[in-house]
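# A closer look at the structure
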Amino acid sequence: MEDVFAFIGNAFGEFIRFIVDGLTSFFANIGNAARSFMQGLSESLGIPLTLINLVVLVIGLWLLWKGVAALMRTAIVATLVWWLLGVTVLSWLIR
């Protein structure tokens, strides 16, 4: 009878270890993937990978998105203004 419970305990422990090891490698690979993505993005744009540059990049992309949203509302003047602002902000980054 003790062997059955020892076997069940051992199987349960191995199962928990499998789950923990799988989650650990999953989250480690997500970190590596995000790091590689950000490195590739900064290299393709020709900008250094700093927090300020990433914030300015997000703001520029947000301004372009606002232009697309204005275009969907058929507000042509607002579209042109948002796109001009977005391109201006992004041109500060990309040389």
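Provided above is the structure to which this section pertains.
Note that the coordinates shown come from a computational prediction; the quantities given were computed from them, not determined experimentally.

### Concerning the overall build of the chain
Helix and strand counts for the chain stand at three helices and zero strands. Over its C-alpha atoms the chain spans a radius of gyration of 25 Å, topping by over 25% the 12 Å that the globule rule assigns to 95 residues. Taken along its principal axes, the extent of the C-alpha atoms in the chain is 80 × 35 × 15 Å. Sorting the 95 residues of the chain into buried and exposed places 14% on the buried side. By sequence separation, contacts in the chain at least 24 residues apart represent 38% of the contacts at least 6 residues apart. Here the chain has roughly 7500 Å² of accessible surface; of this, 75% comes from carbon and sulfur atoms. Separation between the mean location of the 5 positive side-chain charges and that of the 5 negative ones in the chain comes to 36 Å.

### Regarding unusual backbone geometry
Within the chain, T74 stands out as a residue other than glycine whose phi angle is a positive 60°. Here T74 shows up in the loop between helix 2 (51-72) and helix 3 (76-93). For T74, a relative accessible area of 63% gives the class exposed.

### Here's the deal with the pattern of salt bridges
Considering all chains together, one arrives at one salt bridge under this definition. For R17, the salt bridge identified is with D21, shortest N-O distance 3.9 Å. Here D21 and R17 lie together in helix 1 (residues 2-45), a separation of four residues that amounts to about one turn. A relative accessible area of 55% places R17 in the exposed class.

The rules behind these values
Residues numbered from 1 in each chain as written. Predicted model: local features only at pLDDT ≥ 70, side-chain atom pairs only at ≥ 80, totals over all residues. Heavy atoms only, no water. Helix = DSSP H or I, 4+ residues; strand = E, 2+ residues; numbered from the N terminus. Rg over C-alpha atoms; globule rule 2.2 N^0.38 Å. Buried < 20%, exposed > 50% of the residue type's maximum accessible area, 1.4 Å probe, protein only. Contact = heavy atoms within 4.5 Å. Areas by Shrake-Rupley, 256 points an atom, 1.4 Å probe, with all protein chains shown as cover. Lys, Arg positive; Asp, Glu negative; His and termini not counted. Charge placed at Lys NZ, Arg CZ, Asp CG, Glu CD. Salt bridge = Lys/Arg side-chain N within 4 Å of Asp/Glu carboxyl O.

Treat this as a map of the structure, not an account of what it does.
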